[in-house]
Number of protein chains: 2
Amino acid sequence: MSDAFVESDAEGDFQEDITDSPVVAETGEADFLDEEEGEHDNLLQDLQEANALQRGNVESNAVDARKVQQPETIDSFKTRLAGPSTHKAGLDKVDKRKVEEVIYEISQGSAFFENERRRDKATSDRIAALMERYEKIKNNDLTPHHVVVDAMLERLDRSRDLSQYICHIDMDAFYASVEELDRPDLKTKPMAVGGMGMLTTANYEARKYGVRSAMPGYIAVKLCPQLIIVPNNFEKYIAISKKVREVFAIYDPNFQSMSLDEAYLNITEYVEQHEMTPASVVSEIRQRIFEQTKLTASAGIAANKMLAKICSDVNKPNGQFQLPNDRAAIMEYVRGLSVRKFPGIGRVTERVMESLNVKKCEDIYTHRGILYQLMTEVHFVFLIRIYLGIGSNEVADDYESHRKSVGVERTFSNISDRASLYAKLDDISKKLSEHLRAKELKGKTLTLKFKKSNFEVYTRAKTLPKYTNAAAEIFEHGQRLLDAELPVTLRLMGLRMTTLRSTHANEGLMRFFSIAPNASPNTSPVQPAQSTQPPQSVSFPTTTAPLPGSPPQDYTCPICSVTFHSKDNHQFNAHIDLCLNRTEVKSLVADERKRKPIDSPAPPPQRSITSFFK
Amino acid sequence: MSDAFVESDAEGDFQEDITDSPVVAETGEADFLDEEEGEHDNLLQDLQEANALQRGNVESNAVDARKVQQPETIDSFKTRLAGPSTHKAGLDKVDKRKVEEVIYEISQGSAFFENERRRDKATSDRIAALMERYEKIKNNDLTPHHVVVDAMLERLDRSRDLSQYICHIDMDAFYASVEELDRPDLKTKPMAVGGMGMLTTANYEARKYGVRSAMPGYIAVKLCPQLIIVPNNFEKYIAISKKVREVFAIYDPNFQSMSLDEAYLNITEYVEQHEMTPASVVSEIRQRIFEQTKLTASAGIAANKMLAKICSDVNKPNGQFQLPNDRAAIMEYVRGLSVRKFPGIGRVTERVMESLNVKKCEDIYTHRGILYQLMTEVHFVFLIRIYLGIGSNEVADDYESHRKSVGVERTFSNISDRASLYAKLDDISKKLSEHLRAKELKGKTLTLKFKKSNFEVYTRAKTLPKYTNAAAEIFEHGQRLLDAELPVTLRLMGLRMTTLRSTHANEGLMRFFSIAPNASPNTSPVQPAQSTQPPQSVSFPTTTAPLPGSPPQDYTCPICSVTFHSKDNHQFNAHIDLCLNRTEVKSLVADERKRKPIDSPAPPPQRSITSFFK
DNA sequence: GATCACACA
DNA sequence: TACTTGTGTGATC
DNA sequence: ATTCACAAC
DNA sequence: TACTGTTGTGAAT
Ligand SMILES: Nc1ncnc2c1ncn2[C@H]1C[C@H](O)[C@@H](COP(=O)(O)OP(=O)(O)OP(=O)(O)O)O1
Ligand SMILES: Nc1ncnc2c1ncn2[C@H]1C[C@H](O)[C@@H](COP(=O)(O)OP(=O)(O)OP(=O)(O)O)O1
Ligand SMILES: [Mg+2]
Ligand SMILES: [Mg+2]
Ligand SMILES: [Mg+2]
Ligand SMILES: [Mg+2]
């Protein structure tokens, strides 16, 4: 053939080869308590006192269901419709109401609009269910729960590690700034990157109008008619990103990239060796980035990644902010922050928490008794770690080696025709196969994703008989998954491979035949031999089952010694599971069970917690 | 990474895997006289008489330079600016002037506009140069030239083959019609396929407004504000194209695809075996296509591919037209057609010919004496074949086996930054490598193509030390070519590989060492051991050199016996070359030089002649 | 093991 | 005309 | 062997 | 915001 043609218009190519920079998005730290023991002077009492001072009698300040309950309002829907990224830097001064109104008017009646309404209703329902549960427990005595929670707080606080200077660096309006390099005239004009269909970012001029990431371009031009839209050019961003990373490497060869435009650095060693302050080191980093790329970056410095990330946003753009490695300062600073600021808490969770009157971090402490009863242990711990300002300070660039999935998905104008759907699937199969082969990976689980014309999303997965990365096989299995759904009208189709294994990996008997398999480039063993902790899945007695013997009234966690009431059976089990969680196990049990730190070091947790309330 | 993102907006994916349908565009038949001898009754006299009757004394009707000369006018520029596809079906009734005016106003001052102005100036200059040459010869005696030309006409006419029924089938508004399958509501509305940047086609409703292929979408919406634009979906078109081809195969298993939406069929055999008329067979084909795809096609039936193609446009859309296999009918029909109708004669050649007062095919005969002196032999023959309505009737689907190049090119927003240019090049190298490997090809010549921000196009080629399809090697050589041009600001970059060879081909000494090298999945030795033929370049006496012996006054072509004057040295050489042309050689010399028709049959010519005047 | 909703760049 | 793409995570069944 | 302009879908 | 992508051909150097 050769009818080959690309719709030149809006966007430009797809970003096919991502290998370069891990997406790994946020650093929410799903693990808790993974720091090496810090000092532990302050106790729970401090916490209680501090809060009592500031807010009167906390215990009696129980949530009022009437005030709390958030009905499914037009307002909540309009806010949702406005998109997920409304709290980014540069958007503080815009009139959110007006923006929401414009978006609402434009979107009226579209399939997207209706789907968003459906999803908004779903979270409203979820809130309603939560309120019902709240009604049932609101008169419970909170004291026993506070005892448990306060014990957790104490444990966590003791584990606090303030010894490291962690820095988070994030480029300002990254894609947009890169484009401005080639078109300097745009620097003073409102400009966004992407296409009329979707923007990936906007410069700060445009943000004044409410234009931002993940906003459709055609809505953006309604908000800002002078807006100039520049198409994506991923190769550019990858190229510039490389330059930035070269600077990072000077200050911390183990820097951890979180995306093309941001990374964590542990500058503790650099600070000591050069006898500089953390702030001056970071200032130097930003200066050097600017020299190499003519681009500005913002940075945050703090005792852990979570706080550093929050700090990098404080003086954005082209600024930096340090939160002292001091417990009181941290507690004081965090207290007043909106929970939404914390990575892992998005717009849905924010709304749910708001329904419990939890908006700022201090509210977490205030309502800890209620939250403890309504939330999953994991998520509750996640919250109190936020409240305490505790997070991971492990900085390690080990993304590719722990990659868990590879996928390809495409949106297109509606397709119903069977042959055309197959053709799309074939195309996507080939692309996925290419990516897998480029990364020298095979996979054993194939997931078909599809979005119907009404924007409803589904996934269908199948474990394959054997590991593969062959396009034909991928297509064949994908086709079976798709066939079960026909007929359908789709607007998106995707395939994702999970349960990955390196092509070089020795498999079964094959391992005896494999000869020197092309050592992967980054095998430099940077970290000292401190990796003596046991790997993840230690064979612990499965504590989710009730303890042997006759059912006692109270249960005590064999790991952290917390006591539970007999009625809290489910919660107790959840807690045990949590205590057996990798990081928890690591910090609390490691010393007892000396397990060989052999081959594969435990993969670091990569993202935040989601799905907050049971 | 994972910042992966596609500009969703306008277009959709690139059509990466073209393997499915050859592009091969037009069927202009650069070879002349490749038919097997037809009957030959009518002679040159017929031609002369017929023309003399219709137009008085032809010889004295010499071109008048004053009337002829076409100055570089605003008008010619506006016409050029309107684009290349203004003569397609459905566009006859539009007010071309108005459309041109709108386009002119919108494009004002853009880089594209200025580049088009430059190119228009170039053809104006070319015409001016041609006029100068015309001035020098306009008083020559035409008689001797007419003698030569008339001899050629006679030879050609004798070779005419009217024994075959060739049919050209072309889907109506193909991409647009496919999209209408999924969105039937669009059938009655003006609609185009592509994006705001570029359209690939438009339905017939939209064509009423002047909207057509290769028109930027944003201009189209100016011409037709209600226009609905649907993005390209190449997989769809490929899938539907397959269905259409299944129908073709029923009527001629050797059908020759020219693109996703058109093909030639030789239905002679089918007609005989089923005792049907060609028209009824074609009607049945179209009916069956409709049943299988719900799409309409148009068709032309004639004695050769050139005429069949022209005929398929006559009753488009959803119609067919047969030109009888009758010399007189053909001559009569062709006579009145604009030369622009013929594939191979585009807008530039049309304008150049117009400057010589050649607009309709009959004008070719009228001015044959002048044209013969001003044009290259090849092109002159091309023209008189058109005049005679003679073309190839060989229908053979052998595209992939004779593919001559594979390439990838991309347009993007301007890039100046060196690192970003390299990143783009790397991306394109990878894509080219993928395509080559998918087709199991390697290449030895790499051509870098680039378009500067002002739309000027350049190519830079290099013959590689060895055949390759490796991305790294491609990038490396491409980089060298690019480096020589830096610094530049580009809007497009492309790489194309030529001098291709199958991956399976044994190469040099390596063949002795290749031990079942990791049997690539497709090492199935499909082809038998017929590879005993001598390679392409048989050592023929190079006939471009002057004949041995003392220079005679007159030269006679050793192949076709035409005589040339001594002054026509250059022209004579050109003629000899032409006569030794593969197809010419094949049909005229083959019997003397019994060459085994083994393995690789001479690749059929695939396109038309261009570059008409010396 | 499979599906969903959420989060983030 | 146009509401993404790639990846990870926990809950649930 | 290289570069350019033209053509077609 | 936005003027394509793939292939082939002949002429000229
Ligand atoms: N929703 C998204 N979809 C696709 N790409 C995105 C999305 N959000 C951001 N990106 C891309 C474009 C951004 O320039 C780049 C870095 O994101 P991010 O750091 O959050 O914003 P930013 O760098 O553009 O502005 P800033 O950091 O100054 O707020 O990632
Ligand atoms: N300039 C171009 N660039 C890219 N793709 C094109 C171009 N021209 C045509 N195409 C694609 C889209 C067309 O639907 C398809 C077939 O082309 P063609 O047969 O010439 O027109 P068409 O089928 O759209 O209308 P019709 O044949 O009814 O005049 O090839
Ligand atoms: Mg950023
Ligand atoms: Mg970022
Ligand atoms: Mg067509
Ligand atoms: Mg066609």
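Quick caveat, the model's predicted, so the values are computed rather than measured.

S.K.: Describe in detail the coordination of the magnesium ion (ligand 6), supporting the description with residues and values.
M.R.: Residue and element names in this part refer to chain B. Protein coordination of the magnesium ion (ligand 6) is provided by Asp170 (OD), Asp261 (OD) and Glu262 (OE), with donor distances spanning 2.1 to 2.4 Å. Ordering the donors of the magnesium ion (ligand 6) by residue number gives the pattern D-x90-D-E. Here Asp170 falls in the buried class, since its relative accessible area comes to 10%.

S.K.: Give me the environment of Phe113 of chain B: which residues, what numbers.
M.R.: Position of Phe113 of chain B among the secondary structure elements: in helix α5 (residues 111–137). The residues touching Phe113 of chain B, leaving out its near neighbours within four places in the chain, are Phe77, Leu81, Tyr104, Ser107 and Gln108 of chain B.

S.K.: Describe in detail the pairing of strand β7 (residues 297–302) of chain B, supporting the description with residues and values.
M.R.: Residues and elements named next belong to chain B. Of all the six residues making up β7, six are buried; the element is thus mostly covered by neighbouring parts of the structure. Here strand β1 (residues 166–171) runs beside β7; their pairing, made up of six bridges, is antiparallel. In the strand pairing of β7, Ile166 is matched with Ala302. Pairing analysis gives three bridges linking β7 to strand β8 (residues 320–322), with the strands arranged parallel. Across the sheet, the residue bridging to Gly300 is Phe321, located in β8. For the segment spanning β7, helix α13 (residues 305–314) and β8, crossover handedness is left-handed.

S.K.: If you had to explain the UniProt feature "domain: UmuC" (unreviewed entry) in chain A to someone new, which residues and values would you point to?
M.R.: On the UniProt side, "domain: UmuC" (unreviewed entry) is annotated at positions that read residues 166–346 of chain A here. From the first C-alpha to the last, residues 166–346 of chain A spans 24 Å; its make-up is 44% helix and 19% strand.

S.K.: Tell me about the pattern of salt bridges, residues and numbers included.
M.R.: Evaluated as defined, the whole model comprises 60 salt bridges over all chains. The salt bridge partner of Arg368 of chain B is Asp150 of chain B, with a shortest N-O separation of 3.0 Å. With Arg368 of chain B in helix α17 (residues 368–374) and Asp150 of chain B in helix α6 (residues 143–158), the pair connects residues that are 218 residues apart, well separated along the chain. Like Arg368 of chain B, the residue Asp150 of chain B is buried in the burial classification. A salt bridge links Lys449 of chain B to Glu409 of chain B, with the nearest nitrogen and oxygen atoms 3.2 Å apart. Taken as a pair, Lys449 of chain B in strand β10 (residues 441–452) and Glu409 of chain B in strand β9 (residues 405–415) lie far apart in primary sequence, 40 residues in all. When its relative accessible area of 24% is taken as the criterion, Lys449 of chain B is described as partly exposed. Using a relative accessible area of 34% as the deciding quantity, one classes Glu409 of chain B as partly exposed. One salt-bridge network, held together by shared partners, links Arg80, Glu116 and Arg119 of chain A.

So, how was this worked out
Residues numbered from 1 in each chain as written. Chains lettered and ligands numbered in written order. Predicted model: local features only at pLDDT ≥ 70, side-chain atom pairs only at ≥ 80, totals over all residues. Heavy atoms only, no water. Donors = N, O, S within 2.8 Å, 3.2 Å for Na, K, Ca; no water. Buried < 20%, exposed > 50% of the residue type's maximum accessible area, 1.4 Å probe, protein only. Helix = DSSP H or I, 4+ residues; strand = E, 2+ residues; numbered from the N terminus. Contact = heavy atoms within 4.5 Å. Pairing = 2+ DSSP bridges. Right-handed = clockwise from strand over helix to strand, strands pointing away. UniProt positions renumbered as here; feature names shortened; annotations may be inferred. Salt bridge = Lys/Arg side-chain N within 4 Å of Asp/Glu carboxyl O.

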